[in-house]
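Remarks on the overall topology
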Amino acid sequence: DAMVIQNPRYQVTQFGKPVTLSCSQTLNHNVMYWYQQKSSQAPKLLFHYYDKDFNNEADTPDNFQSRRPNTSFCFLDIRSPGLGDAAMYLCATSRAGRAYEQYFGPGTRLTVT
Amino acid sequence: GQQVMQIPQYQHVQEGEDFTTYCNSSTTLSNIQWYKQRPGGHPVFLIQLVKSGEVKKQKRLTFQFGEAKKNSSLHITATQTTDVGTYFCAGDTGNQFYFGTGTSLTVIP
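All of the points below concern the structure found in this document. (Residues numbered from 1 in each chain as written. Chains lettered and ligands numbered in written order. Predicted model: local features only at pLDDT ≥ 70, side-chain atom pairs only at ≥ 80, totals over all residues. Heavy atoms only, no water.)

Re the overall build of chain A
Rules: Note on conventions: DSSP H or I runs of at least 4 residues are helices, E runs of at least 2 residues are strands, and numbering of each starts at the N terminus. Only C-alpha atoms enter the radius of gyration, while the globule expectation follows 2.2 Å times N to the 0.38, with N the number of residues.
Scanning chain A from N- to C-terminus turns up zero helices and eleven strands. The N-to-C order of helical and strand elements in chain A reads β-β-β-β-β-β-β-β-β-β-β. For 113 residues, the compact-globule formula gives about 13 Å, and the C-alpha radius of gyration of chain A, at 13 Å, lands near that figure. Principal-axis analysis of the C-alpha atoms places the extent of chain A at approximately 35 × 30 × 30 Å.

And the structure:
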């Protein structure tokens, strides 16, 4: 089945220690998104890639970076995680731009100690 | 501040009762999408509305997009326990894509 896969499902990192979350897709979609979702809140879009074009949301902190080495994979790098970065990180894909339905992965729950 | 607000934040209904969540944006949206997120799960796409005044139905679910393209609603007729979850609207202002604040639905058997 075509799907969006996120690894790991749970990640524990130390305060200030860089961490990378990964996402892969078998849908062959052009767009990949990263969202941050804190408890009982809405998903917040951090950035997205349209093919190789990176689009950062205006209020995404510089601490968050992303890489998309190929169509299938996208990575979220948190350079110096703070306690406030503990959250669920959701990867999503869509066939084209934001006007198209998004398919979400199961998420990676990040804990910062 | 938050661009897309939903009311109510929480709703408890008896199974069989109807449920409505309202989505309001401070700016005009090019389109509106609705997602459902079950407890512990990830958002799942339900529908997209594009045209002003558009109404779409999916079985017991009815979706509306306002004439000014600033508001939307989701109405569920005769709720079932499988309807439990948080319902989010999401829209594109042209500059940014926002999820609404969500409405958490609890259905009491």
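Having seen the structure, we can now continue with the description.
Points about the interface of chain A and chain B
Which entries qualify depends on this criterion: Residue contacts are defined here by distance: any two heavy atoms, one from each residue, within 4.5 Å place the two residues in contact. Accessible area that two parts lose when put together, with a 1.4 Å probe and added across both, is what the buried area reports. Note on definitions: salt bridges are taken to be side-chain nitrogens of Lys or Arg within 4 Å of carboxyl oxygens of Asp or Glu.
Listed as interface residues are 18 residues of chain A and, on the opposing side, 17 residues of chain B. Across the chain A to chain B interface the summed buried area is about 1400 Å²; carbon plus sulfur atoms make up 49%. It is Arg98(A), Glu101(A) and Phe104(A) in chain A that bury the most area against chain B; as a group they hold 36% of the surface buried on that side. Connecting chain A to chain B are zero salt bridges.

A closer look at the state of the cysteines
All names here are of chain A. Inclusion rule: Disulfides are defined as cysteine sulfur pairs within 2.5 Å. Only protein chains enter the accessibility calculation, which uses a 1.4 Å probe. A residue is then buried if its area is under 20% of the maximum for its type, exposed if over 50%, and partly exposed in between.
In total, this model carries two disulfides over all chains according to the counting rule given. Each sulfur of the disulfide joining Cys23 and Cys91 lies 1.9 Å from the other. With the S-S bond torsion at -75 degrees, the cross-link from Cys23 to Cys91 turns out left-handed. Taken together, the positions of Cys23 in strand E3 (residues 19-25) and Cys91 in strand E9 (residues 87-94) put the pair 68 residues apart, joining distant regions of the chain. The buried category is assigned to Cys91, whose relative accessible area is 0%. Its sulfur unpaired, Cys74 is 6.1 Å from the next cysteine sulfur, which belongs to Cys91.

Details of the sheet that holds strand E3 (residues 19-25) of chain B
Residue and element names in this part refer to chain B. Operational definition: Strands pair, by our definition, only if DSSP identifies at least two bridges between them. Helix axes are fitted to C-alpha atoms over the stretch in contact, other axes to C-alpha atoms as well, and angles between N-to-C directions run from 0 to 180 degrees.
Spatially, five strands are ordered E1-E3-E8-E7-E6 in an open sheet, and the strand pairing comes out antiparallel. Each edge of the open sheet carries a strand with a single partner, namely strand E1 (4-7) and strand E6 (55-58). Taking each pair of neighbouring strands and ignoring which way they run, the sheet shows an average axis angle of 15 degrees. Here E3 pairs with strand E8 (residues 71-76) via six bridges, running antiparallel. In the strand pairing of E8, Thr21 is matched with Leu74.

Keep in mind these values describe shape, not function.
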